[in-house]
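Each chain, letter by letter, is given below.
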Amino acid sequence: MDDPVLRVQSQLTARDRVLLVWLYDHGVLTSFQLAHALFPSLDFCQRRLRTLYRLRLVARFRPQRADGGSYPYHYVIDQLGAEVVAAGRDERPPRRDHARVERRRWTSSRTLEHRLGVNGFFTGLAGYARTHADVRLGEWLSEAACRRSGVFTRPGDPALVRAYQPRVRPDGYGLWVVRGGGRVPFFVEYDTGGEPLSVLVHKLVGYREWFAAMGRAWPVLFWLHSAARERNLRRMWAETPPLVPVATGARDHATTAGLCPAEAVWAVAGGDGRRSTLADLSLWVLDDRDPTGEAA
């Protein structure tokens with residue numbers, strides 16, 4: 001009996017497999033995001049995506065702009081692609097309607113913009129690492145993965161951490177690795193500007209409780225809608241200093257300066273306002289371990 005997963009395996013490159021895993025884990029990515037993170041050019045990326053599309057490994061859709069025209073192609077996992085990822089992880093095959101459900105979810109989702117924003121944050125880091133040999137994105141976990149029981153357990157205390165259900169829902173977790181031994185585990189809070197700043201401040205209470213349960217504290221990065229919103233949030237923290245490591249960055253400032261989240265866009269709460277790179281935030285990591293519990 002012909003197995004479509006086995007048939008397509010020989011046609012996949014290592015980069016294809018990374019791309020499929022990202023779509024499976026993170027839902028939806030645009031052609032521009034994938035090109036920046038994984039390919040030397042947009043044209044090269046689009047040609048490869050067309051091949052993966054013809055192989056029925058990925059599916060795509062193109063949202064319409066309210067003022068006319070359309071956005072670039074948005075890519076999601078197709079059923080065969082989901083089965084390839086599951087096989088590579090030695091997991092049970094996904095449901096037969098997995099890809100259809102996921103595609104419908106994102107083509108009609110009101111949270112599409114937020115998800116693309118979060119994924120753009122991480123593909124920005126991956127794109128920077130692709131052209132800078134001294135750093136790499138060692139881990140990227142989705143919001144759903146961050147909520148799984150035991151993901152951040154360290155040896156010796158699985159019962160404690162698994163019994164604790166965090167009150168916060170990070171938009172993602174990452175591990176930034178610097179050649180020479182520097183490591184920055186971090187959580188991301190991607191702000192669209194729609195929530196009151198008091199909600200953002202209150203999230204740190206949940207992080208403080210979570211870090212206490214884990215016995216470690218990692219930087220929480222607030223990637224804010226605008227520089228004005230960042231200034232207002234930092235004023236609130238000046239009155240009530242956060243009790244966990246926190247840094248803020250503003251997307252409009254970074255865009256104007258031509259910088260990505262790996263570069264000097266982060267201002268540490270309680271600091272003098274000077275901007276630090278992501279690698280610099282290793283100074284604020286307490287008990288630097290990755291999710292597998294391995295020491296840095």
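Just so it is clear, the model here is predicted, and its values are computed rather than measured.

S.K.: Now, about the pairing of strand S8 (residues 246–250): what can you tell me, with residues and values included?
M.R.: Among the five residues in S8, five count as buried, and that is most of the element. Taking every second residue as pointing to the same face, both faces of S8 are buried, with Val246, Thr248 and Ala250 on one and Ala247 and Gly249 on the other. Sheet topology places strand S7 (residues 220–224) next to S8; five bridges connect them, and they run parallel. Considered in S8, the bridge of Val220 is made with Val246. Read from S7 through helix H11 (residues 227–239) to S8, the crossover connection turns out right-handed.

S.K.: Quick one: what's the story with H11, residue by residue and with numbers?
M.R.: With 13 residues, H11 extends 19 Å from end C-alpha to end C-alpha; this agrees with the ideal 18 Å at 1.5 Å per step. As for H11, its buried residues are in contact with helix H10 (197–214), S7, S8, helix H12 (251–257), strand S9 (266–268) and strand S10 (275–276).

S.K.: I'd like to hear about the pattern of salt bridges, residue by residue, with values.
M.R.: Tallied over the full model, the rule gives 13 salt bridges. With its nearest N and O atoms 3.9 Å apart, the salt bridge here joins Asp78 to Arg103. One end of the pair, Asp78, is in the loop between strand S3 (74–77) and helix H5 (79–88); the other, Arg103, is in helix H6 (residues 98–107), with 25 residues separating them in the sequence. Arg95 is paired through a salt bridge with Asp97; the nearest N and O atoms lie 3.4 Å apart. Relative accessible area serves as the criterion here: at 55%, Arg95 is assigned to the exposed category. Taking relative accessible area as the criterion, Asp97 reaches 26% and is therefore assigned partly exposed. In this structure, a network of salt bridges that share partners links the residues Arg95, Asp97 and Arg100.

S.K.: Outline the packing of aromatic side chains, supporting the account with residue identities and numerical values.
M.R.: This model, assessed by the stated rule, comprises 20 aromatic pairs. Where Phe121 meets Trp223, the ring centres are 5.8 Å apart and the plane angle is 75 degrees; that geometry is what we call edge-to-face. A residue pair is termed long-range when its members are at least 10 positions apart, and Phe121 in helix H7 (residues 112–130) and Trp223 in strand S7 qualify at 102 residues. One aromatic cluster in this structure is built from Trp22, Phe121, Phe122, Trp140, Phe186, Trp223 and Trp266. Between Arg60 and the ring centre of Tyr53, over which it is positioned, the NZ or CZ distance is 4.1 Å. The lysine or arginine in question, Arg62, covers the ring of Tyr73, its NZ or CZ lying 4.0 Å from the ring centre.

S.K.: Could you give an account of the side chain of Asp78, with specific residues and numbers?
M.R.: The class for Asp78 is buried, based on a relative accessible area of 14%. Not counting residues up to four positions away in its chain, the partners in contact with Asp78 are Arg56, Leu57, Val58, Ala59, Ala99 and Arg103.

S.K.: Describe the sheet that holds strand S5 (residues 172–178), listing the residues and the values that go with them.
M.R.: The strand order S4-S5-S6-S7-S8-S9-S10 describes an open sheet built from seven strands, whose pairing is mixed. The open sheet has two free edges, formed respectively by strand S4 (135–142) and S10, since each of these has just one partner strand. Sitting on the sheet, H11 touches S7, S8, S9 and S10, and the angle it makes with S8 is about 155 degrees.

S.K.: Requested: an account of the nonpolar core, with residues and values cited.
M.R.: Formed by 78 residues in total, the largest nonpolar core has its most connected members in Leu19, Phe152, Trp176 and Phe186. Formed by seven residues, the second largest nonpolar core is a distinct cluster that contains Val28, Ala59, Phe61 and Leu116.

S.K.: Break down the packing of helix H2 (residues 14–26) against H5 for me, citing the residues and quoting the values.
M.R.: A pair of packed helices can be characterised by two numbers: the angle between their axes and the separation between those axes. Viewed as axis vectors pointing N to C, H2 and H5 meet at an angle of 105 degrees, and their least axial separation amounts to 9 Å. Here H2 is positioned roughly perpendicular relative to H5, judged by the angle of their axes. In this structure, H2 uses Arg17, Leu20, Val21 and Tyr24 to contact H5, whose residues at the interface are Ala82, Val84 and Val85. Partitioning the contact of H2 with H5 into residue classes produces six nonpolar, no polar and one charged.

Parameters and conventions
- Residues numbered from 1 in each chain as written.
- Predicted model: local features only at pLDDT ≥ 70, side-chain atom pairs only at ≥ 80, totals over all residues.
- Heavy atoms only, no water.
- Buried < 20%, exposed > 50% of the residue type's maximum accessible area, 1.4 Å probe, protein only.
- Helix = DSSP H or I, 4+ residues; strand = E, 2+ residues; numbered from the N terminus.
- Pairing = 2+ DSSP bridges.
- Right-handed = clockwise from strand over helix to strand, strands pointing away.
- Expected span 1.5 Å × (residues − 1).
- Contact = heavy atoms within 4.5 Å.
- Salt bridge = Lys/Arg side-chain N within 4 Å of Asp/Glu carboxyl O.
- Phe/Tyr/Trp six-rings, centres within 6.5 Å; stacked < 30°, edge-to-face > 60°.
- Lys NZ or Arg CZ within 6 Å of the ring centre and 35° of its normal.
- Axes fitted to C-alpha atoms, helices over the stretch in contact; angles between N-to-C directions.
- Core = buried A, V, L, I, M, F, W, Y, C linked by side-chain atoms within 4.5 Å.
- Parallel < 35°, antiparallel > 145°, perpendicular 65-115°, else oblique.
- Nonpolar A, V, L, I, M, F, W, Y, C, P; charged D, E, K, R; others polar.

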